[in-house]
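Secondary and tertiary structure notes
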Amino acid sequence: MFVLFESISWLILILMRIWIKIYNLILHYCYKNIKGYICYPHQLRGLQYVQIGEGSTISTGSILTAWDEYGEIKYTPSIIIGKHCRIGEYCQITACHKIIIGDNLLTGRYVYISDNAHGNTQIKHLSIPPIKRPLYVKGPVIIGNNVWIGEGARILSGVTIGDGSVIGANAVVTHDVPAYSVVGGVPAKIIKRIEHCDSANLLI
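Residues numbered from 1 in each chain as written. Predicted model: local features only at pLDDT ≥ 70, side-chain atom pairs only at ≥ 80, totals over all residues. Heavy atoms only, no water.

In the nomenclature of an unreviewed UniProt entry, the chain corresponds to Acyltransferase from the organism Phocaeicola dorei CL02T12C06.

Here we look at the pairing of strand S22 (residues 181-184)
Side-chain alternation along S22 places Ser181 and Val183 on one buried face and Val182 and Gly184 on a second face that is also buried. As defined by bridge partners, strand S20 (residues 166-167) adjoins S22 across two bridges and the pair is classed as parallel. Directly across from Ile167, in S22, lies its bridge partner Val183. As judged from the four bridges shared by S22 and strand S23 (residues 189-193), these two strands associate in the antiparallel manner. Paired with Val183 across the bridge in S23 is Ile190. The antiparallel pairing of S22 with S23 creates a hairpin that spans four residues between the two strands, and Gly185 there sits at a positive phi of about 105°. (Buried < 20%, exposed > 50% of the residue type's maximum accessible area, 1.4 Å probe, protein only. Helix = DSSP H or I, 4+ residues; strand = E, 2+ residues; numbered from the N terminus. Pairing = 2+ DSSP bridges.)

Notes on the packing of aromatic side chains
Aromatic rings in a pair are described by how distant their centres are and how their planes are angled relative to each other. Counted by the stated rule, this structure contains three aromatic pairs. Ring centres of Trp67 and Tyr70 lie 5.9 Å apart, and the angle between their planes is 80°; on these two criteria the pair is classed as edge-to-face. For the ring pair Tyr90 and Tyr110, a centre distance of 5.3 Å and an interplane angle of 15° mean the geometry is stacked. Taken as a pair, Tyr90 in the loop between strand S9 (86-87) and strand S10 (92-95) and Tyr110 in the loop between strand S12 (106-107) and strand S13 (112-114) lie far apart in primary sequence, 20 residues in all. The class of Tyr90 is partly exposed, set by a relative accessible area of 39%. (Phe/Tyr/Trp six-rings, centres within 6.5 Å; stacked < 30°, edge-to-face > 60°.)

Section: the nonpolar core
Counting 34 residues, the largest nonpolar core has Ile113, Ile149 and Ile167 as the members making the most contacts within it. For this core, the secondary structure elements donating two or more residues are strand S3 (50-52), strand S5 (63-66), strand S8 (79-81), S10, strand S11 (99-101) and strand S16 (141-143). Counting residues in each nonpolar core, the second largest holds five residues, with Trp67, Tyr70, Tyr75 and Leu135 among its members. (Core = buried A, V, L, I, M, F, W, Y, C linked by side-chain atoms within 4.5 Å.)

Some words on the sheet that holds S11
The strand order across the open sheet formed by five strands is S3-S8-S11-S16-S19, and the pairing between neighbours is parallel. A single partner strand is all that each edge strand has here, and the edge strands are S3 and strand S19 (160-161). Here S11 runs beside S16; their pairing, made up of three bridges, is parallel. In the sheet register, Ile101 faces S16, and the bridge partner there is Ile143.

Comments concerning the sheet that holds strand S2 (residues 43-45)
Reading across from one edge, S2-S5-S10-S13-S18-S21 is the order of the six strands in this open sheet, with parallel pairing throughout. Pairing within the sheet leaves two strands with one partner each, and these edge strands are S2 and strand S21 (172-173). In the sheet, S5 pairs with S10 via four bridges, with the strands oriented parallel. Within the sheet, the bridge partner assigned to Ile63 lies in S10 and is Gln92.

Remarks on unusual backbone geometry
Omega for the bond connecting Val186 with Pro187 falls within 30 degrees of zero, at -10°, which places this linkage in the cis form. The residue Pro187 is located in the loop between S22 and S23 in this model. Within the chain, Tyr110 stands out as a residue other than glycine whose phi angle is a positive 60°. Overall, the relative accessible area of 41% leaves Tyr110 in the partly exposed class.

Observations concerning the side chain of Ser181
Note that Ser181 resides in strand S22. Judged by relative accessible area, Ser181 falls into the buried class, the value being 1%. Apart from residues no more than four positions distant in its own chain, Ser181 is found in contact with Ser165, Val166, Lys192 and Arg193. (Contact = heavy atoms within 4.5 Å.)

If you want it as structure tokens, here you go:
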């Protein structure tokens, strides 16, 4: 019985791998700017506004959405993900304006990256249900090359993260992060900054 169960499990696993390869072949055919690999997504929207570089992988359960319309308001979204990025499981990347991610990003699970929020703190927004509020953008989200974002971190609208930075687990990033910095906390603050970047100093 155990051998039969193990054989069936292996067969299911092989079929799932074949299916996801076929799925990505179709995805690449339909959307020429998507050259990376999307594995068992939870939600995809607006892929015509998304660019994913070669060698990048978006892991299981992720949400990738580019909103060109919400309610009765039109937007011009753009999501650009560089080469050789590894987006962890159950992450969410959502834009109605612009998100740019450089090469070699690595994230943990449950990371949230968004350039928008449901309204702002004006009374005219707070007096209506959040789901009916217009999407509010402070500015684009720009993430440099070789950035590491820990599990559960939140990157919010209008934030630029410099090259080589490390974002601690569960950090909420509301302001720009200089290159080669380590940040953590809610809201995120600089824990360590490397002034002279060389191969030895990057070993934190």
